[in-house]
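A closer look at the structure
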Amino acid sequence: MRLFTAIDLPDGFRNEVADLQAPSALDARWTDPAQFHVTLRFIGDASPERAARYEQALADLTAPAARCEPYGLDVLPSRRSPRVLVLGLERTDSLLALHTAVGDALEREGLSPDDRDYTPHVTLARVGDTAPETVHAFLRTADVPSFPAFQADRFVLYKSTLTSDGAVYDPRAIYPLNG
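Right, let's walk through the structure included here. Positions within a chain are numbered from 1, following the residues in the order the chain's sequence is written. For a predicted model such as this one, the threshold for reporting local features is a pLDDT of at least 70, and the threshold for listing and counting side-chain atom pairs is 80 or more; totals across whole chains, interfaces and linings nevertheless cover every residue. In computing side-chain properties, one takes all heavy atoms of the structure into account and sets aside hydrogens as well as water.

Quick word on the side chain of Thr5
Secondary structure elements are taken from DSSP: a helix is a run of H or I of four residues or more, a strand is a run of E of two residues or more, and numbering for both begins at the N terminus. Checked against the element boundaries, Thr5 lands in strand S1 (residues 2–8). Should any heavy atoms of two residues lie within 4.5 Å, those residues are counted as being in contact. Filtering out sequence-adjacent residues up to four positions away, Thr5 remains in contact with Val38, Thr39, Leu40, Arg41, Ile43, Leu58, Val102, Phe155, Val156 and Leu157.

Some remarks on the pattern of salt bridges
Each reported salt bridge corresponds to a side-chain nitrogen of Lys or Arg within 4 Å of a carboxyl oxygen of Asp or Glu. Inspection of every chain in the model, using the stated rule, returns 6 salt bridges. The salt bridge partner of Asp74 is Arg79, with a shortest N-O separation of 3.7 Å. Note on exposure labels: buried denotes an accessible area under 20% of the residue type's maximum, exposed denotes more than 50%, and partly exposed covers the range between, all computed with a 1.4 Å probe on protein chains only. Residue classification places Arg79 among the partly exposed residues on the basis of a relative accessible area of 44%.

With respect to the environment of Pro132
With respect to the helices and strands, the residue Pro132 is situated in helix H4 (residues 132–141). Between the C-alpha atom of Pro132 and that of Thr161, which follows or precedes it by 29 residues, the distance is 30 Å. Apart from residues lying up to four places away in sequence, Pro132 is in contact with Arg80 and Pro82.

A closer look at the sheet that holds strand S2 (residues 29–30)
Reading across from one edge, S2-S7-S6-S5 is the order of the 4 strands in this open sheet, with antiparallel pairing throughout. On the outer flanks of this sheet lie S2 and strand S5 (70–77), each paired with one strand and no other. Strand pairing is defined by DSSP finding a minimum of two bridges between the two strands.

Some words on unusual backbone geometry
Each neighbour pair has its own omega, and for Leu76 with Pro77 the value is 0°, a cis peptide bond. Structurally, Pro77 is set in strand S5.

Re helix H1 (residues 11–18)
Because each turn of an α-helix spans 3.6 residues, side chains separated by three or four positions end up pointing in the same direction. Those residues of H1 not exposed but buried are Phe13, Arg14, Val17 and Ala18. All buried residues of H1 fall inside an arc of 140° around its axis, so they share one side. Buried positions along H1 lie against S1, S5, strand S6 (82–89), strand S7 (121–126) and strand S8 (150–152). Throughout, the arc means the angular range of directions from the helix axis out to the C-beta atoms.

Below, the structure is given as structure tokens:
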């Protein structure tokens, strides 16, 4: 089974973020707002036994709530080669601390270290082969409000199932942040 850990968005915030989606303005595969999240750590394929060990390691984790501060629209992996349209989040100390704590707990149970820099974000759309100039024009003209920061007081271990309509995320466990 494919697993990842993430922070869910507060409902009101989720609705505001969904308003950024503009299918008539940009040819992209838009994310279902019900699937919006901030990934903490992608785990990938795991056997049921290993998944159970990951669940226990995450249950033993102690970490404080994480402050999530949106800064606006962005693209990944780069402006030169945009593939994913995102709402970017600042790398706050508390969010980085949670990311590190989750990664450390999973790595103690055998998950390979992630050598990439953590780029917290909410995926809005996958732009695929859309020309970079078209994506840049969308970024310049999009009406993006100022989003308030929010506190994440829990995180989730999700099972991801790939379907022809995209991935479906099912929570396996919810962990309170209490440090």
